[in-house]
Amino acid sequence: MRALILDDERSIRKTLKVILGESGIEVHEAGSLAEAQSLVRDYYFDMAIVDIRLPDGSGIDVLRNIKETSPQTVVLVITAFASTETAVETMTAAAYDYVTK
């Protein structure tokens, strides 16, 4: 199983990588929208944990990109800036769930 973790906070990426890695999951990390889009082009992911607010854009763009190329990938959206608008937008884009940090 392969997972993508997209978050601009290094500590969150590292923590999630340790947790998922202990379960035998191969984890790829991205700290920006550009990094994540490059990884999505190069790899198939069974799951992704995607932050919404990034220094170079929105994680919702990655969510949409993943779902277009791999609809079966489970995408969990995380954010420190929750709002009804972003919750609706992510769920409409087929996120598995929307969680606040």
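The notes below deal with the structure included here. What you see is a predicted model; the values in this text were computed from it and never measured.

Looking now at the environment of K101. Structurally, K101 is set in the segment after β7 (97-100). Take K101: its relative accessible area is 41%, and that puts it in the partly exposed class. C-alpha separation for the pair K101 and V18, spaced 83 residues apart in sequence, amounts to 17 Å. A distance of 2.8 Å separates the side chain of K101 from the side chain of D7, its partner in a polar contact.

Turning to the packing of aromatic side chains, a few remarks are in order. Here the structure, examined in full by the defined rule, presents one aromatic pair. For R53, the ring lying beneath its charged end belongs to F81, and the centroid distance is 4.0 Å.

For the rest of this paragraph, the subject is the sheet that holds strand β2 (residues 26-30). Reading across from one edge, β2-β1-β3-β6-β7 is the order of the five strands in this open sheet, with parallel pairing throughout. Because the sheet does not close on itself, it has two edges, and the strands there are β2 and β7. Neighbouring strand axes in the sheet, compared pairwise and without regard to direction, differ in orientation by 15 degrees on average. By the bridge criterion, four bridges tie strand β1 (residues 2-6) to strand β3 (residues 47-51) in an arrangement that is parallel. Note that in β3 the partner of A3 across the bridge is M47.

What counts as what
Residues numbered from 1 in each chain as written. Predicted model: local features only at pLDDT ≥ 70, side-chain atom pairs only at ≥ 80, totals over all residues. Heavy atoms only, no water. Helix = DSSP H or I, 4+ residues; strand = E, 2+ residues; numbered from the N terminus. Buried < 20%, exposed > 50% of the residue type's maximum accessible area, 1.4 Å probe, protein only. Polar contact = N/O pair within 3.5 Å; in protein donor to acceptor, adjacent residues only side chain to side chain. Phe/Tyr/Trp six-rings, centres within 6.5 Å; stacked < 30°, edge-to-face > 60°. Lys NZ or Arg CZ within 6 Å of the ring centre and 35° of its normal. Pairing = 2+ DSSP bridges. Axes fitted to C-alpha atoms, helices over the stretch in contact; angles between N-to-C directions.

Honestly, that's just the spatial picture; any functional story needs more than this.
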